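Now for the letters of each chain:
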Amino acid sequence: MLTPFQSLVMGVVQGLGEFLPISSSAHLILLPSYFHWPDPGLAYDVALHLGTLLAVLIYFWPDLYQFLE
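None of the values given here were measured: they were computed from a predicted structure.

Cut-offs used in this document
Chains are numbered independently. Their residues run from 1 in the order of the written sequence. The predicted origin of the model limits local features to residues at a pLDDT of at least 70 and limits the giving and counting of side-chain atom pairs to 80 or more, whereas totals for whole chains, interfaces and linings rest on all residues. No hydrogens and no water enter the side-chain calculation; it runs on all heavy atoms of the structure. Per the convention used, a helix needs a DSSP run of H or I reaching at least four residues, while a strand needs a run of E reaching at least two, with both numbered from the N terminus. Within these notes, the globule rule equals 2.2 Å times the number of residues to the 0.38 power, and the radius of gyration is based on C-alpha atoms. Relative accessibility under 20% of the residue-type maximum defines a buried residue, over 50% an exposed one, and the middle range a partly exposed one, all with a 1.4 Å probe and only protein chains included. Contacts are assigned to residue pairs that have any heavy atoms within 4.5 Å of one another. How far a helix is expected to stretch is found by multiplying one less than its residue total by 1.5 Å. Definition of nonpolar core: a set of buried residues of the types Ala, Val, Leu, Ile, Met, Phe, Trp, Tyr and Cys, connected through side-chain atoms within 4.5 Å. In this description, one arc is meant: the one made by directions from the helix axis to the C-beta atoms.

## Remarks on the overall build of the protein
1) Next: A count of helical and extended segments in the protein gives three helices and zero strands.
2) Next: Helices (α) and strands (β) of the protein occur, in sequence order from the N terminus, as α-α-α.
3) Next: The globule rule puts the C-alpha radius of gyration for 69 residues at 11 Å, and the 14 Å found for the protein is more than 25% above it.
4) Next: Principal axes of the C-alpha set define a box for the protein whose edges measure 50 × 25 × 20 Å.
5) Next: Counting only residues that meet the buried cut, the protein has 20% of its 69 residues in that class.
6) Next: Sequence-distant contacts in the protein: of pairs separated by 6 or more residues, those separated by 24 or more amount to 54%.

Next comes the structure, spelled out in structure tokens:
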């Protein structure tokens, strides 16, 4: 189980890396390994990706809405 601080770090790295041409899952493996944190598991990875998708959809909603009209 990750601490709130560890989760915050993972979320920030996920958000910063989302728009870079790098693997969106590599940091989820490398970061805990580098800092000797426990493996958060697949459910955590999926939740983190869904949170990122939701944040991107909210941010780009005005543009998406115009596109869909």
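## Brief notes about helix 3 (residues 42-68)
1) Next: With 27 residues, helix 3 extends just 33 Å between its outermost C-alpha atoms, more than 12% less than the 39 Å of an ideal straight helix rising 1.5 Å per residue.
2) Next: Inspection of helix 3 places Asp 45, Leu 48 and Thr 52 among the buried residues, and these make up the whole buried set.
3) Next: Packed against the buried residues of helix 3 are helix 1 (4-17) and helix 2 (26-35).

## Things to note about the nonpolar core
1) Next: Counting seven residues, the largest nonpolar core is built from Leu 2, Val 9, Met 10, Leu 28, Leu 31, Trp 37 and Leu 48.
2) Next: Looking at this core, the elements that each hand over two or more residues are helix 1 and helix 2.
3) Next: Among residues more than four places away in sequence, those in contact with Val 9 are Leu 31 and Trp 37.

## Quick word on the environment of Ser 25
1) Next: By the element assignment, Ser 25 lies in the loop between helix 1 and helix 2.
2) Next: It is 8.5 Å that separates the C-alpha atoms of Ser 25 and Gln 14, two residues lying eleven residues apart in sequence.

## So, helix 2
1) Next: Where helix 2 is concerned, the buried positions are His 27, Leu 28, Leu 31 and Pro 32. The arc that holds every buried residue of helix 2, seen down its axis, measures 115°, which confines them to one face. Turned more than 90 degrees away from the buried face of helix 2, the exposed residues are Ile 29, Leu 30 and Tyr 34.
2) Next: In this fold, the buried residues of helix 2 make contact with helix 1 and helix 3.
3) Next: Just downstream of helix 2, His 36 is the residue with a positive phi angle, here 60°.

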